[in-house]
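Geometric and topological summary
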Amino acid sequence: MIGYILYGIILAIVIILIIKINNELLIIKIFSILSFLLSFSVFFIGYLIKIIIDNKINFINSIVISNFIFNKFIAIGFINLIIGLLFAILYILLIIIYKKRVNK
Amino acid sequence: MIKSKGIIISVLIILLVFLSTIAVTYSVVINVVSNNEIYEIVNVIRIRDLMTDNNGNYNSAYYNVKNKLNISDDEANLLMESSKLNESLKIVLNSIVSYKVDNDLDSKMSNDELYNLIVSSVNEDDNISNNLKNKVIENSKIYINDISKFLYDIDVSLLGNN
């Protein structure tokens, strides 16, 4: 339930952002920056959780468990990084196409 | 007007990154506490992980077992790396999770079942000497009456279900 509410709020903010910006190139640029920021924050949170688990559990070697969880954050972070890169490439391509059109 | 629009967009971007990070963390937590993932985590735990801390130093459990069995470090290493004993550990851990998390009462192993599991695992491993096998089996007999109660009294619960 909490998940659905969160995703709903995120979707609403994305729609508001698109309406507010109202510029295709700027939207792509902002989404690229957003994806990069999100990937770094996910890496950071994952690393933080790994440190917390490793420090809280002392009676067994918890590295295998914390690495298992950290790898999930790494995977999601990388997906966001790739999305950010794709948006960045798309933005650069559109800028080149736009400049070529203007020069003609 | 443009300045206020810029501020609103900046606030929305920060809010979006913040909420998305929470959503990702939430989805990972939900994923990890799902039953399949618990069993997957249990399957990566080896005897060595139970006997060492995060720096790789042996913990008190290691020295307790070593002293009780009266064995050398090499013999203790042999037991910790035994594939048969590690397989048995997985069976026992899966049984504990199934009993405590899934409330599957049938998955609880009796004292005799646990004892037989230890004996068969030790006997099946050709790398373990007969002397060491005897030590493990003899010591298992001493604790066999309490082992099931001890294992299934371990506090195991899902996050958020305490």
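Above this text is the structure in question.
What comes next concerns the included structure.

Cut-offs applied
- Residues numbered from 1 in each chain as written.
- Chains lettered and ligands numbered in written order.
- Predicted model: local features only at pLDDT ≥ 70, side-chain atom pairs only at ≥ 80, totals over all residues.
- Heavy atoms only, no water.
- Helix = DSSP H or I, 4+ residues; strand = E, 2+ residues; numbered from the N terminus.
- Rg over C-alpha atoms; globule rule 2.2 N^0.38 Å.
- Buried < 20%, exposed > 50% of the residue type's maximum accessible area, 1.4 Å probe, protein only.
- Contact = heavy atoms within 4.5 Å.
- Areas by Shrake-Rupley, 256 points an atom, 1.4 Å probe, with all protein chains shown as cover.
- Buried area = accessible area lost by both parts, 1.4 Å probe.
- Salt bridge = Lys/Arg side-chain N within 4 Å of Asp/Glu carboxyl O.
- Polar contact = N/O pair within 3.5 Å; in protein donor to acceptor, adjacent residues only side chain to side chain.
- Phe/Tyr/Trp six-rings, centres within 6.5 Å; stacked < 30°, edge-to-face > 60°.

Here the focus is the overall build of chain B. From N to C terminus, chain B includes 8 helices and 0 strands. Shown N-terminal to C-terminal, the secondary structure of chain B runs as helices and strands in the order α-α-α-α-α-α-α-α. Rg of the C-alpha trace for chain B: 23 Å, well past the compact-globule value of 15 Å for 162 residues, more than 25% over. Expressed as lengths along the three principal axes of its C-alpha atoms, the size of chain B is roughly 85 × 35 × 25 Å. Within chain B, buried positions represent 42% of all 162 residues.

Attention now goes to the overall build of chain A. Secondary structure summary: chain A contains 3 helices and 0 strands in total. Ordered by position in the sequence, the α and β elements of chain A form the string α-α-α. Its C-alpha atoms give chain A a radius of gyration of 19 Å, clearly above 13 Å, the size a compact globule of 104 residues would have. Summarising its shape, the C-alpha atoms of chain A cover approximately 70 × 30 × 15 Å along the three principal directions. Residues counted as buried form 36% of the 104 residues belonging to chain A. Sequence separation of at least 24 residues holds for 69% of the intrachain contacts in chain A that already meet a minimum separation of 6. For chain A, the accessible area works out to roughly 6,800 Å², and carbon and sulfur atoms hold 76% of it.

Each side of the interface is counted separately: chain B has 31 residues, and chain A has 36 residues. Both faces considered, chain B and chain A share a buried interface measuring about 3,000 Å² in area, 78% of it formed by carbon and sulfur atoms. Scanning the region where chain B abuts chain A turns up 0 salt bridges. The interface formed by chain B and chain A includes 3 residue pairs in polar contact (both at pLDDT 80 or more).

The phi angle of most residues is negative, glycine excepted, and most peptide bonds adopt the trans form. Although it is not a glycine, A:Asn22 adopts a positive phi angle of roughly 55 degrees. If you check the backbone angles, B:Asn70 has positive phi at about 55 degrees while not being a glycine. You can see B:Asn70 is positioned in the loop between α4 (60-69) and α5 (73-80).

This part is about the packing of aromatic side chains. For the structure on display, the rule yields 6 aromatic pairs over all chains. Both rings, one in A:Phe31 and one in A:Phe87, keep their centres 5.8 Å apart while their planes meet at 65 degrees; by these two values the pair is edge-to-face. Of this pair, A:Phe31 sits in helix α2 (residues 24-56) while A:Phe87 sits in helix α3 (residues 63-103), and the two are 56 residues apart along the sequence. Given the relative accessible area of 17%, A:Phe31 is considered buried. Among the aromatic residues, those joined into a ring-pair cluster are B:Tyr58, B:Tyr62 and B:Tyr63.

To continue, consider the side chain of A:Ser66. All names here are of chain A. Following the sequence through the fold, Ser66 ends up in helix α3. With a relative accessible area of 1%, Ser66 lands in the buried category. At 2.8 Å, the side chain of Ser66 and the side chain of Asp54 are in polar contact. Sequence-distant contacts of Ser66, that is, excluding residues within four places in its chain, are made with Lys50, Ile53 and Asp54.

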